[in-house]
Amino acid sequence: MSEKRYFRQQNPFIVPTTDGKLIEEHIGLASSGTGQYSVAHMVAPPQWSEPHQRPEFDEVTIVVRGRKQFEIDGDVVELGAGESLLIKAGARVRYSNPFDAECEYWSVCVPAFSPATVHREE
């Protein structure tokens, strides 16, 4: 019998975090061994942020609920529910939720997210 041409994800990989953010990788290096792209569901708590980074991958963010703020090469962009944003590889970016409500969103990275290629600043 030939290999199946689909992959059903029933147990996404829960990325360990220390900042209260939920990250569920459905497709990607950690969950399915896929290197071409990754798809993750995330929930960022109120007042959450992470350090600036300069990833080697493109990233699309689609906000489902709440608001999310992006600092991209010196510009500040705020997205609300139903909006999306493409950030191209090499941009200096900082993701945050400086608001009083959770932000739920999906992220698609091309190629797949990797800790080795995100280049977070200390």
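Residues numbered from 1 in each chain as written. Predicted model: local features only at pLDDT ≥ 70, side-chain atom pairs only at ≥ 80, totals over all residues. Heavy atoms only, no water.

**Student:** Could you clarify how one ought to interpret the UniProt feature "domain: Cupin type-2" (unreviewed entry) in the protein chain in this entry?
**Tutor:** UniProt feature "domain: Cupin type-2" (unreviewed entry): in the numbering of this structure it lies at residues 42–108. The straight-line gap between the two end C-alpha atoms of residues 42–108 is 11 Å; of that span, 0% is helix and 60% is strand. (UniProt positions renumbered as here; feature names shortened; annotations may be inferred. Helix = DSSP H or I, 4+ residues; strand = E, 2+ residues; numbered from the N terminus.)

**Student:** Explain the sheet that holds strand β4 (residues 48–49) here, please?
**Tutor:** To summarise the sheet geometry, strands pair through backbone hydrogen bonds and adopt either a parallel or an antiparallel arrangement. In space, the four strands of this open sheet follow the order β4-β9-β6-β7, with antiparallel pairing throughout. The sheet is open, and its two edges are formed by β4 and β7 (75–80), each paired on a single side. Judged from the two bridges that link them, β4 and strand β9 (residues 93–97) form a sheet pairing that is antiparallel. Note that in β9 the partner of S49 across the bridge is S96. (Pairing = 2+ DSSP bridges.)

**Student:** So what exactly am I meant to see when it comes to the state of the cysteines here?
**Tutor:** Two cysteines whose sulfur atoms are joined by a covalent bond form what is called a disulfide. Per the stated rule, a full pass over the model turns up zero disulfides. Looking at the unpaired C103, the closest cysteine sulfur is the one in C109, lying at 15 Å. Of the residues examined, C103 reaches a relative accessible area of 0% and is grouped as buried. (Disulfide = S-S within 2.5 Å. Buried < 20%, exposed > 50% of the residue type's maximum accessible area, 1.4 Å probe, protein only.)

**Student:** Hey, could you run me through the nonpolar core in this one?
**Tutor:** F70, I72, L85, I87, Y95 and Y105 are the most contacted members of the largest nonpolar core, which has 16 residues in total. Only β3 (38–44), β6 (67–72), β8 (84–87), β9 and β10 (103–110) provide two or more residues apiece to this core. Broken down by element, the residue count for this core peaks at three residues, all from β3. Look past the residues within four positions of L85 in its chain and what remains in contact with it is E59, V60, T61, F70, I72, V77 and L79. (Core = buried A, V, L, I, M, F, W, Y, C linked by side-chain atoms within 4.5 Å. Contact = heavy atoms within 4.5 Å.)

**Student:** It is not clear to me how the pattern of salt bridges should be interpreted in this structure. Could you clarify?
**Tutor:** Opposite charge on two side chains allows them to pair when their charged atoms are near. Applying the stated rule across the entire model yields seven salt bridges. Taking the shortest distance from any N to any O, the salt bridge between E50 and K21 comes out at 3.9 Å. One end of the pair, E50, is in the loop between β4 and β5 (58–65); the other, K21, is in the loop between β1 (13–14) and β2 (22–27), with 29 residues separating them in the sequence. For K21, a relative accessible area of 8% translates into the label buried. A salt bridge links E121 to R92, with the nearest nitrogen and oxygen atoms 2.7 Å apart. Here the residue E121 occupies a position in the segment after α1 (115–118), and R92 occupies one in the loop between β8 and β9, the gap between them amounting to 29 residues. Counted as one network, the salt bridges with shared partners bring together K21, E50 and R120. (Salt bridge = Lys/Arg side-chain N within 4 Å of Asp/Glu carboxyl O.)

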